[in-house]
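# Summary of structural features
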Amino acid sequence: MLKTVAAFDRIGEENAFAVLARATRLAAAGRDIINLGIGQPDFRTPDFIVEAAVKALHDGHHGYTPAVGILPLREAVAADLHRRFAVTIAPDTVMILPGGKPTMFMSILMFGEPGADILYPDPGFPIYRSMIEFTGARPVPVPIREENNFAFSAEETLELITPQARLLILNSPANPTGGVTPKPEIDKLVAGLERHPDVVVMSDEIYDHMVYDGETHVCLLQYSSIRDRLILLNGWSKTYAMTGWRLGYAVWPGKLYDHARKLAVNLHSCVNAAAQYAGLAALTGPQDDVAKMVAEFDKRRKIVVEGLNRLPGMSCARPKGAFYAFPNIRRTGWKAKPLAHALLEEAGVALIGGPDFGVLGEGYLRLSYANSTENILRALERMGEFLAGRKAA
Ligand code: PLP
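## Description of the pairing of strand β4 (residues 138–143)
Where strand β3 (residues 117–122) meets β4, 6 bridges bridge the pair, whose relative direction is parallel. The residue bridging P121 from the neighbouring strand is V142, located in β4. The handedness of the β3 to β4 crossover, carried by helix α5 (residues 126–135), is right-handed.

Given below as structure tokens:
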């Protein structure tokens, strides 16, 4: 036997990738599958961004770059954050990384060890808990509740902070619920965090452009009282339809920057050079495509919520952010995972059972509406027929 360290008994993964693989296999075998499972925009990366990468390669940008990313890109990130949130960030606190995930990986690695507590949203992005367990730290779920519009509660979060708490993970707009935490609640949380000066905050804001119904995104960098212990996670994947490019960034406080730089040098050396030039074009070029994409998501959001609310036994609150709907399925009589499984195998609709995002996800499904309106309508029709004709397993 190849004997690896015990941490590998504890690491988890993302079931969305397994569902994607199964849906792809079924489709390859001739089944008509509608994929509302994976969380990635169905749009193409805008042409001018692709062209910038092609040009970068022709211009000879195919060697290593600094481990932390090219300076013009780090400057562009700082300028973008200033433009959107009126925050002043030094480019030497910005690090370019291969996607959004490495920031959570590195942050959790920096603070996770046996005896430490790490707070994370439940339901939430599954990699948070997976990585916390991997490090041997104790995962402390912060409940995200439908009755609170899937926002986190400042009071409940603060009550869960123990003397062992080292890291608090926040995510708004949120995966899988689409929840957006309102500013007064964030104000309250940040005020309360003053009583816990040793707790570092990692704010995952990868869906920050995708807010609806007149919401404005609140960037945690806007709070000066926690600036010296705030890690910002963001990137290009969702905003610019660039999931496969693997391009993200972090803003690190203090000496965490150097820790992260060393992890980067040990792990990936630097991010693909041409992708960095694409990211630079994305931030400094026209933003019309982002606006168009968000407007399209908003349209589909209304269609999906309306459609779900018409299905027998389902009810769906209107999500204010990201591109996910998180319908409550309790009145269908089904548990979430068997229903997700049956919908894929029998009705050809790929979606994810809520428990894949944490124990509090039971009773819910996650649908990504990053798919065409036509496909969304077809999926809703199939789900309706399935629920009307099939008893709960
Ligand atoms: N954070 C959240 C909340 C996400 O939903 C995702 C992707 O689904 C990520 C981070 C990871 O993004 P990336 O693909 O850039 O690593």
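## Thoughts on the pattern of salt bridges
One pass over the structure, following the stated rule, counts 25 salt bridges. The salt bridge involving D59 is made with K55; its shortest N-O contact spans 2.6 Å. Residues R300 and E296 are paired through a salt bridge, measuring 3.2 Å at the closest nitrogen-oxygen approach. Pair noted here: R300 and E296 are both in helix α10 (residues 288–310), with a separation of 4 residues, about one helical turn. For R300, a relative accessible area of 3% gives the class buried.

## A few points about the site of the ligand
Lining the immediate surroundings of the ligand are 14 residues, of which G100, D204, Y207, S237 and K238 lie closest. One of the side-chain nitrogen or oxygen atoms of N175 is found 2.8 Å away from an oxygen atom of the ligand. In the environment of the ligand, an oxygen atom lies 2.6 Å from a nitrogen or oxygen atom belonging to the side chain of S237. Looking at the shell around the ligand residue by residue, the classes come out as 5 nonpolar, 5 polar and 4 charged.

## Examining the domain arrangement of the protein chain
Taken domain by domain, the protein chain comprises domain 1 (7–44 + 288–387) and domain 2 (47–284). A separation of 25 Å is found between the C-alpha centroids of domain 1 and domain 2. At the interface, 39 residues of domain 1 touch 38 residues of domain 2. Taking both partners together, domain 1 and domain 2 bury about 3,200 Å²; carbon and sulfur atoms supply 59% of that area. Between domain 1 and domain 2 we count 4 salt bridges in total. Where R301 meets D213, a salt bridge forms, and the shortest distance between an N and an O atom there is 2.7 Å. Counting across the domain 1 and domain 2 interface gives 20 residue pairs in polar contact (both at pLDDT 80 or more). Those elements that place two or more of their residues in the side of domain 1 that touches domain 2 are α10 and β9 (324–325).

## Overview of the packing of aromatic side chains
Applying the stated criterion across every chain yields a total of 13 aromatic pairs. With centroids separated by 5.6 Å and ring planes inclined at 85 degrees, the aromatic side chains of F150 and F326 adopt a geometry described as edge-to-face. Remark: F326 occurs in the loop between β9 and α11 (336–347) and F150 occurs in the loop between β4 and α6 (154–159); sequence separation between them is 176 residues. The pair F150 / F326 is uniform in exposure class, with both members buried. Ring centres of Y207 and F323 lie 5.5 Å apart, and the angle between their planes is 90 degrees; on these two criteria the pair is classed as edge-to-face. A residue pair is termed long-range when its members are at least 10 positions apart, and Y207 in the loop between β6 (200–204) and β7 (230–235) and F323 in the loop between α10 and β9 qualify at 116 residues. The exposure classification of Y207 matches that of F323, with both residues buried. Grouping aromatic residues by their ring pairs yields a cluster made of F43, Y207, F297, F323, Y324 and Y369.

Parameters at a glance
Residues numbered from 1 in each chain as written. Predicted model: local features only at pLDDT ≥ 70, side-chain atom pairs only at ≥ 80, totals over all residues. Heavy atoms only, no water. Pairing = 2+ DSSP bridges. Helix = DSSP H or I, 4+ residues; strand = E, 2+ residues; numbered from the N terminus. Right-handed = clockwise from strand over helix to strand, strands pointing away. Salt bridge = Lys/Arg side-chain N within 4 Å of Asp/Glu carboxyl O. Buried < 20%, exposed > 50% of the residue type's maximum accessible area, 1.4 Å probe, protein only. Near = heavy atom within 4 Å. Polar contact = N/O pair within 3.5 Å; in protein donor to acceptor, adjacent residues only side chain to side chain. Nonpolar A, V, L, I, M, F, W, Y, C, P; charged D, E, K, R; others polar. Domains from an automatic or database assignment. Contact = heavy atoms within 4.5 Å. Buried area = accessible area lost by both parts, 1.4 Å probe. Phe/Tyr/Trp six-rings, centres within 6.5 Å; stacked < 30°, edge-to-face > 60°.

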